[in-house]
Amino acid sequence: MFSKRIDNFFIGLERAFKFVKKFFIEVWVPPYEFNEVIRQCYRIGYNSLPLISLTGFIVGIVFTNQSRPSLSEFGATSWLPSLISIAVVRAMGPLVTALIAAGKVGSSIGAEIGSMKVTEQIDAMEVSATNPFKFLVVTRVLASTFMIPILVLYTDFIALVGSFINVNVNEMVSLSTFFVQVFDSISFLDITSSMLKSLVFGFTIGIVGCYKGYNSTKGTEGVGKAANSAVVMAMFLIFIEELLSLQITTFFRQL
Amino acid sequence: MRDTVIEIRELSKSFGDMDVLKNVDLDLFSGENLVVLGKSGSGKSVLIKIMVGLLTQDSGTAIVLGREVSKLNPKELNQLRLKIGFSFQASALYDSMTVRENLEFPLVRNVKNLSKVEKDKLVEEVLDSVGLLTTINQMPSELSGGQRKRIGIARTLILKPDIMLYDEPTAGLDPITCMDINNLINQVNNEYKTTSIIITHDLTCAKVTGDRMAVLLDGKFDKTGKFEEIFEDATDGRVKSFYDYNFIKQ
């Protein structure tokens, strides 16, 4: 029983590796499905805006409010814009956006492809001489990889706006002073590392959603499982990637 | 002597411990409509999925239009697939696309240098031939089961295939809609001059659409022949009881 589980784990790992490898091969091979990539970018990016806006705004306000008591003990509330900008740009923005996207986008990709699998729509594409992997997987993974960094920039901005409102109300700091402090605190390395890890988060969300959907079985029950495990697996991998990116960025910061 | 379009020899396929097809032999001749009958789970759909390369056999050969399917590379397989229309049991229409987009999908990817006017004309022509031109801008979720089946057939017809494979075309439909689908299958064969395999366990469908029947029992074809020959001369109790020929005659 135990050894069977270990076997299944490694078999799953091999399948996942082959799936990712296939993506990197298919992405370069024509024909390219540009229209579908644009459509998916719209779905993933534009349709996530309301949720991302609300979450980013709340994160900005809450984080500012929670940080104030600690800083005020040292009479350092004027450092709030710096603290918030560093926290948001380096970690909170990418992480919050990626987790929200894993829930919204990852589950939607997993469920959509899973339901296409069980209703034979993927087979229908295949028999009409269309490569379903290219049309369904490559397009969604590319769209997710492109859109998550853009959403992260947007979340950063909205979170900083939320933070500014809180700081403005409590510390009477003007907009220009707030943003001057914000941009003074963040470096090129912060922005670059944030964008690079957002690309990785986006790729992870897309590929995990597609993999789970593409390999779903057992009818409609399998579709639910695919959507659910796409979210859980993507979130788990995002946290691991966050940890790795932290180590790498710290290494470069110390150079 | 008619040409052999599909030639199946000693084809076997298993899933785990279950032997679904056991050394199956079958010939499909140009212009004929072959009905493959059998109980649910008897391997009928597996057989036609092997013919289009959706599944691979464990042993034996499946030669379609002179090409052995399992030995084709992806490009050759796609070229062969363009000559085969596959109508799925659950229609398999793309949920996120309108009827028009569903029909355009195989067209834009496989026919080069097609103008918008030509594309629209082809889509409208094929939709008209299945009697559903008015649904052109509807989503699949807005269609009835029978309409979905018809659109599914229309989507396969748009590339003008030589062979049509129907997987349970009347499953889950009321008797009147079943009759409409049966008539559509005959109409398609006459208009598009296709050779067909119709997978079903619906005897009315078999009788109306088929020139020849083949009964799949325990992974093998028990007998092939005309509808009356199969059931009047049936010595196998399973054929007699399962298909209940007398009920159909009444």
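In what follows, the structure referred to is the one given above.
Residues numbered from 1 in each chain as written. Chains lettered and ligands numbered in written order. Predicted model: local features only at pLDDT ≥ 70, side-chain atom pairs only at ≥ 80, totals over all residues.

Asks: Requested: an account of the overall build of chain B, with residues and values cited.
Replies: The helix and strand tally for chain B stands at ten helices and ten strands. Its C-alpha radius of gyration of 18 Å places chain B within 12% of the 18 Å reference for a compact globule of 250 residues. The buried share of chain B, reckoned over its 250 residues, is 42%. A separation threshold of at least 6 residues defines the contact pool for chain B, and within that pool the share at least 24 residues apart is 65%. (Helix = DSSP H or I, 4+ residues; strand = E, 2+ residues; numbered from the N terminus. Rg over C-alpha atoms; globule rule 2.2 N^0.38 Å. Buried ≥ 20, exposed ≤ 12 C-beta atoms within 10 Å, placed from the backbone. Contact = placed C-beta atoms within 7 Å.)

Asks: Tell me about the overall build of chain A, and name the residues and values.
Replies: Broken down by element type, chain A carries nine helices and zero strands. Helices (α) and strands (β) of chain A occur, in sequence order from the N terminus, as α-α-α-α-α-α-α-α-α. Overall size of chain A, expressed as C-alpha extent along the three principal axes, is 65 × 45 × 35 Å. Residues counted as buried form 43% of the 255 residues belonging to chain A. Partitioning the intrachain contacts of chain A with sequence separation of at least 6 by distance along the chain shows that 87% fall at a separation of at least 24.

Asks: Outline the interface of chain B and chain A, supporting the account with residue identities and numerical values.
Replies: Between chain B and chain A, the contact holds 14 residues from the first and ten residues from the second. Top element by residues in the side of chain B that touches chain A is helix 3 (residues 99-110) of chain B. It accounts for four residues. Grouping the amino acids of the side of chain B that touches chain A by side-chain chemistry returns ten nonpolar, two polar and two charged. (Nonpolar A, V, L, I, M, F, W, Y, C, P; charged D, E, K, R; others polar.)

Asks: Please set out helix 3 of chain B residue by residue, giving values where relevant.
Replies: All names here are of chain B. Turning to helix 3, its buried residues are V99, N102, L103, F105 and P106. Down the axis, helix 3 shows its buried residues gathered within 135° of arc, on one side only. The inward-facing, buried residues of helix 3 contact helix 4 (116-129) and helix 5 (145-157). (Arc of directions from axis to C-beta.)

Asks: So what's going on with unusual backbone geometry? Which residues, and what values?
Replies: A cis amide bond links P30 of chain A to the next residue, P31 of chain A, at an omega of 0°. Checked against the element boundaries, P31 of chain A lands in the loop between helix 1 (2-26) and helix 2 (34-45). A positive phi angle is found at A129 of chain A, which is not glycine, with a value near 60°. By secondary structure assignment, the location of A129 of chain A is in the loop between helix 5 (121-127) and helix 6 (132-171). The class for A129 of chain A is buried, based on 20 C-beta atoms found within 10 Å. Notably, K193 of chain B is not glycine yet its phi reads approximately 50°, a positive angle. By the secondary structure assignment, K193 of chain B is in the loop between helix 6 (175-192) and strand 8 (195-200). With 11 C-beta atoms counted inside 10 Å, the residue K193 of chain B sits in the exposed group.

Asks: Please provide a residue-by-residue account of the packing of helix 3 (residues 49-73) of chain A against helix 4 (residues 80-118) of chain A, values included.
Replies: Residues and elements named next belong to chain A. Here helix 3 crosses helix 4 at 145°, and the two axes come no closer than 10 Å. Where helix 3 crosses over helix 4, the two elements pack in a sense that is right-handed. Two secondary-structure elements touch here, helix 3 through L51, I52, T55, G56, V59, G60, F63, T64, S67, R68 and L71 and helix 4 through L80, L83, I84, A87, V88, M92, V96, T97, I100 and K104. (Axes fitted to C-alpha atoms, helices over the stretch in contact; angles between N-to-C directions. Left-handed = near helix turned anticlockwise from the far one by under 90°.)

Asks: An account of the pairing of strand 10 (residues 220-225) of chain B is needed here, citing residue identities and associated values.
Replies: Residue and element names in this part refer to chain B. The pairing of strand 9 (residues 212-217) with strand 10 spans four bridges and is antiparallel. In the sheet register, M213 faces strand 10, and the bridge partner there is G225. In textbook terms, the turn of a hairpin is the stretch between consecutive antiparallel strands, and for strand 9 and strand 10 this stretch comprises two residues, one of which, D218, has a positive phi near 50°. (Pairing = 2+ DSSP bridges.)

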